[in-house]
Protein chains: 2
Amino acid sequence: MKTYTVADLLKQDTNSLHEVEVKGWVRTFRANRFIALNDGSTLNNIQCVVDFESMDDVLLKRITTGAAVHIVGELTESQGKGQSVEIQVSKITVLGDSDPEAYPIQPKKHSFEFLRENAHLRTRTSTFSAVMRLRSSLSFAIHKYFNENGFYYMHTPIITGSDAEGAGEMFRVSALDAKNPPLTEAGEVDYKEDFFGKETNLTVSGQLEAETYAMSLGKVYTFGPTFRAENSNTSRHLAEFWMIEPEVAFMDLDGNMDLAEDFMKYVLKYVLDNNPEDLEFLNDRLLQEEKTKPQAERSEMSLIEKIKFVVDNNFKRVSYTEAIDILRNSKPNKKKKFKYLIEEWGADLQSEHERFLVEKHFNCPVILFDYPANIKAFYMRLNEDGKTVRAMDILFPGIGEMVGGSQREERLDVLKEKMAALDIDEKELWWYLDLRKYGTAVHSGFGLGFERLVMFATGMSNIRDVIPYPRTPQNAEF
Amino acid sequence: MKTYTVADLLKQDTNSLHEVEVKGWVRTFRANRFIALNDGSTLNNIQCVVDFESMDDVLLKRITTGAAVHIVGELTESQGKGQSVEIQVSKITVLGDSDPEAYPIQPKKHSFEFLRENAHLRTRTSTFSAVMRLRSSLSFAIHKYFNENGFYYMHTPIITGSDAEGAGEMFRVSALDAKNPPLTEAGEVDYKEDFFGKETNLTVSGQLEAETYAMSLGKVYTFGPTFRAENSNTSRHLAEFWMIEPEVAFMDLDGNMDLAEDFMKYVLKYVLDNNPEDLEFLNDRLLQEEKTKPQAERSEMSLIEKIKFVVDNNFKRVSYTEAIDILRNSKPNKKKKFKYLIEEWGADLQSEHERFLVEKHFNCPVILFDYPANIKAFYMRLNEDGKTVRAMDILFPGIGEMVGGSQREERLDVLKEKMAALDIDEKELWWYLDLRKYGTAVHSGFGLGFERLVMFATGMSNIRDVIPYPRTPQNAEF
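This one's a predicted model, so the numbers in the text were calculated from it and none came from an experiment.

### What about the overall build of chain A?
No. 1: In terms of helices and strands, chain A carries 14 helices and 17 strands.
No. 2: The proportion of buried residues among the 478 residues of chain A is 59%.
No. 3: Considering only intrachain contacts with a sequence separation of at least 6, the fraction spanning at least 24 residues in chain A is 67%.
No. 4: Split by element, the accessible area of chain A, about 19700 Å² in all, is 46% carbon and sulfur.
No. 5: Side chains of chain A carry 58 positive and 75 negative charges; the gap between the two charge centres is 5 Å.

### Overview of the nonpolar core
No. 1: Among the nonpolar cores identified, the biggest contains 252 residues, and F171, F263 and L453 of chain A together with F171, F263 and L453 of chain B are the most heavily contacted of them.
No. 2: What L453 of chain A contacts, discounting residues up to four positions off in sequence, is L138, I142, M264, V267, L268, M402 and L448 of chain A.

### Here we look at the relation of the copies chain B and chain A
No. 1: Each copy superposes on the other: chain B lies on chain A with an RMSD of 0.0 Å after a rotation of 180° and an axial shift of 0.0 Å. Taken together, the turn and the small shift mark the pair as related by a two-fold rotation axis. By C-alpha distance to the rotation axis, the residue of chain B lying nearest is V173 of chain B, at 2.4 Å.
No. 2: A shared binding surface is used by both copies, with 100% of the interface residues of chain B retained as interface residues in chain A.

### Let's talk about the sheet that holds strand 9 (residues 172-174) of chain B
No. 1: Read from one edge of the open sheet, six strands run 8(A)-10(A)-9(A)-9(B)-10(B)-8(B), paired in antiparallel fashion. A single partner strand is all that each edge strand has here, and the edge strands are strand 8 (159-160) of chain A together with strand 8 (159-160) of chain B.
No. 2: Summarising the sheet, strand 9 (residues 172-174) of chain A and strand 10 (residues 200-202) of chain A pair through two bridges and their orientation is antiparallel. Paired with R172 of chain A across the bridge in strand 10 of chain A is N201 of chain A.

### Quick look at the side chain of S444 of chain A
Residue and element names in this part refer to chain A.
No. 1: Tracing the backbone shows S444 in strand 17 (residues 443-449).
No. 2: Residue S444 is classed as buried on the basis of its relative accessible area, which comes to 0%.
No. 3: Of note is the side chain of S444, whose polar atom sits 2.6 Å from the backbone oxygen of M251.
No. 4: Setting aside residues no more than four positions away along its own chain, S444 makes contact with P246, E247, V248, M251, D252, L253, N256, S406, Q407 and R408.

### Considering the side chain of D465 of chain B
Residues and elements named next belong to chain B.
No. 1: Inspection of the secondary structure assignment puts D465 in the segment after helix 14 (450-458).
No. 2: Judged by its relative accessible area of 1%, D465 falls in the buried class.
No. 3: Reaching out from D465, the side chain makes a polar contact with the side chain of R116 at a distance of 2.8 Å.
No. 4: Residues in contact with D465, not counting those within four places in the same chain, are F112, R116, R122, F128, V131, M132 and M460.

### Here's the deal with the pattern of salt bridges
No. 1: Overall, the coordinates contain 52 salt bridges over all chains when judged by the stated rule.
No. 2: Salt-bridge contacts for R116 of chain A lead to D465 of chain A; the nearest nitrogen and oxygen are separated by 2.8 Å. With R116 of chain A in helix 3 (residues 112-117) and D465 of chain A in the segment after helix 14 (450-458), the pair connects residues that are 349 residues apart, well separated along the chain.
No. 3: The class for R116 of chain A is buried, based on a relative accessible area of 18%.
No. 4: Ionic pairing is found between E188 of chain B and K179 of chain A, a salt bridge with its closest N-O pair at 3.8 Å. Of this pair, E188 of chain B sits in the loop between strand 9 and strand 10 (200-202) while K179 of chain A sits in the loop between strand 9 and strand 10, each in a different chain.

### Quick word on the domain arrangement of chain A
Residues and elements named next belong to chain A.
No. 1: If you check the domain split of chain A, you get domain 1 (3-103), domain 2 (124-169 + 204-465) and domain 3 (172-202).
No. 2: Between the C-alpha centres of domain 2 and domain 3 there is a distance of 34 Å.
No. 3: Contact residues are listed per partner, giving seven residues for domain 2 and seven residues for domain 3.
No. 4: Where domain 2 abuts domain 3, roughly 580 Å² becomes buried across the two surfaces, and 66% of that area is made up of carbon and sulfur atoms.
No. 5: For the pair domain 2 and domain 3, the number of links is zero salt bridges.

### Quick notes on the sheet that holds strand 15 (residues 388-396) of chain A
All names here are of chain A.
No. 1: Strand order in the open sheet formed by eight strands is 7-11-12-17-16-15-14-13, and the pairing between neighbours is mixed. Only two strands of the sheet have a single partner each, and these edge strands are strand 7 (152-153) and strand 13 (316-319).
No. 2: Pairing of strand 14 (residues 366-372) with strand 15 involves six bridges; the strand directions are antiparallel. Looking across to strand 15, one finds that I367 is bridged to I394.
No. 3: Across the sheet, helix 9 (residues 320-328) touches strand 13 and strand 14, and the angle it forms with strand 13 is around 90°.

### Description of the interface of chain B and chain A
No. 1: The interface is formed by 112 residues belonging to chain B together with 112 residues belonging to chain A.
No. 2: When chain B packs against chain A, the two sides together hide about 8700 Å² of surface, and 61% of this comes from carbon and sulfur.
No. 3: The largest per-residue losses of area from chain B upon contact with chain A belong to H155, F195 and Y438 of chain B, which jointly make up 9% of the total buried on that side.
No. 4: Viewed at the interface, chain A and chain B are joined by two salt bridges.
No. 5: Counting across the chain B and chain A interface gives 40 residue pairs in polar contact (both at pLDDT 80 or more).
No. 6: Counting residues per element, the side of chain B that touches chain A draws most heavily on helix 4 (residues 126-148) of chain B, which supplies 10 residues.
No. 7: Partitioning the side of chain B that touches chain A into residue classes produces 54 nonpolar, 34 polar and 24 charged.

### Examining helix 8 (residues 303-312) of chain A
All names here are of chain A.
No. 1: Looking at helix 8, one finds that the buried residues are L303, I304, I307, V310 and V311. Viewed along the axis of helix 8, the buried residues span an arc of 125°, placing them on a single side of the element.
No. 2: Where helix 8 is buried, its residues contact helix 6 (253-274), helix 7 (276-291), strand 15 and helix 14.

### Brief notes about unusual backbone geometry
No. 1: Positive phi values are uncommon outside glycine, yet N363 of chain B reaches one of about 55°.
No. 2: Residue placement: N363 of chain B occurs in the loop between helix 11 (351-362) and strand 14 (366-372).

### Examining the packing of aromatic side chains
No. 1: Counting across every chain of the model gives 59 aromatic pairs over all chains.
No. 2: Where W25 of chain A meets F250 of chain B, the ring centres are 5.0 Å apart and the plane angle is 40°; that geometry is what we call tilted. Highlighted residues: W25 of chain A in strand 2 (residues 19-30) and F250 of chain B in the loop between strand 12 (240-249) and helix 6 (253-274), drawn from two different chains.
No. 3: Given the relative accessible area of 7%, W25 of chain A is considered buried.
No. 4: On the numbers, 6.1 Å between centres and 20° between planes, the contact of F140 of chain A with F140 of chain B is stacked. In this pair, F140 of chain A sits in helix 4 (residues 126-148) while F140 of chain B sits in helix 4, so the two residues belong to two different chains. Taken as a pair, F140 of chain A and F140 of chain B share a single burial class, namely buried.
No. 5: Among the aromatic residues, ring-to-ring pairing joins Y145, F146, F151, Y153, Y221, F263, Y266 and F446 of chain A into one connected group.
No. 6: If you follow K376 of chain A out to its NZ or CZ, it ends over the ring of Y371 of chain A, 4.2 Å from the centre.
No. 7: Positioned above the aromatic ring of Y432 of chain B, the side-chain terminus of R436 of chain B is 4.1 Å from the ring centre.

Reading the values: rules and limits
- Residues numbered from 1 in each chain as written.
- Chains lettered and ligands numbered in written order.
- Predicted model: local features only at pLDDT ≥ 70, side-chain atom pairs only at ≥ 80, totals over all residues.
- Heavy atoms only, no water.
- Helix = DSSP H or I, 4+ residues; strand = E, 2+ residues; numbered from the N terminus.
- Buried < 20%, exposed > 50% of the residue type's maximum accessible area, 1.4 Å probe, protein only.
- Contact = heavy atoms within 4.5 Å.
- Areas by Shrake-Rupley, 256 points an atom, 1.4 Å probe, with all protein chains shown as cover.
- Lys, Arg positive; Asp, Glu negative; His and termini not counted.
- Charge placed at Lys NZ, Arg CZ, Asp CG, Glu CD.
- Core = buried A, V, L, I, M, F, W, Y, C linked by side-chain atoms within 4.5 Å.
- Least-squares fit on C-alpha atoms with pLDDT ≥ 70 in both.
- Pairing = 2+ DSSP bridges.
- Polar contact = N/O pair within 3.5 Å; in protein donor to acceptor, adjacent residues only side chain to side chain.
- Salt bridge = Lys/Arg side-chain N within 4 Å of Asp/Glu carboxyl O.
- Domains from an automatic or database assignment.
- Buried area = accessible area lost by both parts, 1.4 Å probe.
- Axes fitted to C-alpha atoms, helices over the stretch in contact; angles between N-to-C directions.
- Nonpolar A, V, L, I, M, F, W, Y, C, P; charged D, E, K, R; others polar.
- Arc of directions from axis to C-beta.
- Phe/Tyr/Trp six-rings, centres within 6.5 Å; stacked < 30°, edge-to-face > 60°.
- Lys NZ or Arg CZ within 6 Å of the ring centre and 35° of its normal.

Structure (structure tokens):
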């Protein structure tokens, strides 16, 4: 007798299969008769029907929510609704008990906050198992997309000796004695004595290293963890998150926009095609959640409609300069509803402005491009106007910034000037400058925050609920 | 006119395609006439034939090794050997020059040590581009295997608050002032003031967290970076390396061995099928390298033969107890050639013993299992004999330990006893113990060091040469 997964069994018809074995966890046990059994292979449970009259009472009492059981029985057509097959149990063995009084995951609605405190058990709920299956499916879609399009996956270093990436505050990595580190004669911490012989930090981006590989292998991407030591206790920030960073030689900013849009549509279409059950469940969950909100705050579209909208429609491409015009003349600006009023070209856009553009004005994903040079990073390609750079941000409704990218400055002299103006040491980035000395060429790339993509695809509103074990200020539990 | 990759062009026939555009880097420029152009899309170069008589001398001088060029021309059947097509150049534009005096990557053989110092340019050589394409291909094969077999990809945390993983020395992660950290009244570093409110380190393994997901989602795997702050300056150790860790509910050690063997055969077969050119190049490279060695030290099999041997043959499964018998009675033991002589059951195996078993005695991959409990980790399932645990190591010829795995101790009381004996705080691992309280079941998994797999598949003998930017003691460059 073969042991099947629940997903396998639910696909069978009863003509071809009779005696079956399955192992899983009890979700509910109703009327001393109906076990809803789940093994994680699918959102759905298989119903296992127990003949309680012929069964030992002690054994029946051990069939509780959370218990691991081994079931043998006959696969039959189900009389109940919502399932095509069920198992008439002939033998049940309890592999692991679950004390119904003590078990934290009761068969009722738990708050997300409670489930975060029990993150080691939260994938035993339908919501979190669906979220994490979608996270896995999106990950695979990402690798599949790049593989089909001639990209090589590259592992950029996590521990970095460079602090010139400039994307944010960094965590220090050290093996020195924390209390009494060795000091130099000048009284500073002597990192020469540390493991790597220099000060090291956790990476904030793999982009600079990815550029080195793009300039030899052509098309590469990273998909790995990145870090920010910023005290941002919001529902959109993590101290540790996963980022996808493609980098392509001979590609300009227009190509970069095309790539980002094509990529996002592909991975979202992939989950529409491959995870219909998980998406429908999360779609319904979000509808229920929104019912508790005032009408005006509810979304016009359901989760699945939002995903389909992105897959089926072009992203709107708008220059920073056009965006500033729109914002300057907008109602909230004129009525002074914005916290930061838009007065002049050159202003950095705040999340309230981005939300207005995406959620009110355009009502679709927006690619903003050609930003003022002085609000963007040193490595971005300066336009001929001398004041804007070939940068792009992709903004999503409900999420905000999903992607940040640019064409990279490929001209050695311009790059050096920029670094000098910002006091970035050339010695620190000698290898990065080498790329402009030997066979330089136009190249571009972007970074996509993976958890924000998962938020969009699952409708979850707190980033802590789309990664297994979130790291945030004051929290590194599990 | 469409811009093609070199890989695309080399697959074309000249009847269907005439005028073409291609961008890439000059590998060599021979006789003022033949450019070998590479763009990273394949190991191979496309030959571009220049009519030097009709071309500007200044332009010709700029066609140097490493220069980035844009070529327009006609695709024709090649007269030369080793290629089916070539381009008759009608127009060439230099995108980025490369000073032939200064460019570090000359068209000659460089030592691997020199190339490590120029790791940002080393993928511009055939050897390293082949290695990194294979690394990428193996990565994709890994995701593909697990996806096809019902596993979910899980991102376990990189920053961990737990130091109970016990797999090795850890790096500290901190945002405290390095020189004057805040101290408690007792004079110890006050980690309550640190970013996460506790002492945190870089993970040495995602296994414990992966177990939490296996016990709800059934089959999961991790593929992420792990760290060891150990001062091991060898050709087989890195401070930062990538590990694959599957974990499966309801699977015992036999299933674990089956999974590991099936998995390794699949990913190696994948590169045999998908990367023939890169493998043939590395195969020849290794043959050349071995010619410089005395006959006795050369391998009996070529690289491709070794990979095929693993794909086509069963791994030998041997208990620790059998292995000790073999070693005790072996020639090197009797003749006292081993540095550590095997005298008694219970001895930890050293790499000399593993090599003897794999390379001399069995001459194939070996799975050793059922090790003495006291030389293995606390979480491994104790056998009924009370002295061995359900652990396994997979040893590969030329590589040594590739995989370490076990069935996990699923019994709460036994696990608690083991932790108490090793002084591991239950409070630290409350969530891990919860898995044994609520619906516990047999489960197993293993960890595979990705770089060792890449070494095996590429024939590279130094682990620093199979990861883009290696982190080792005294080295975190780039």
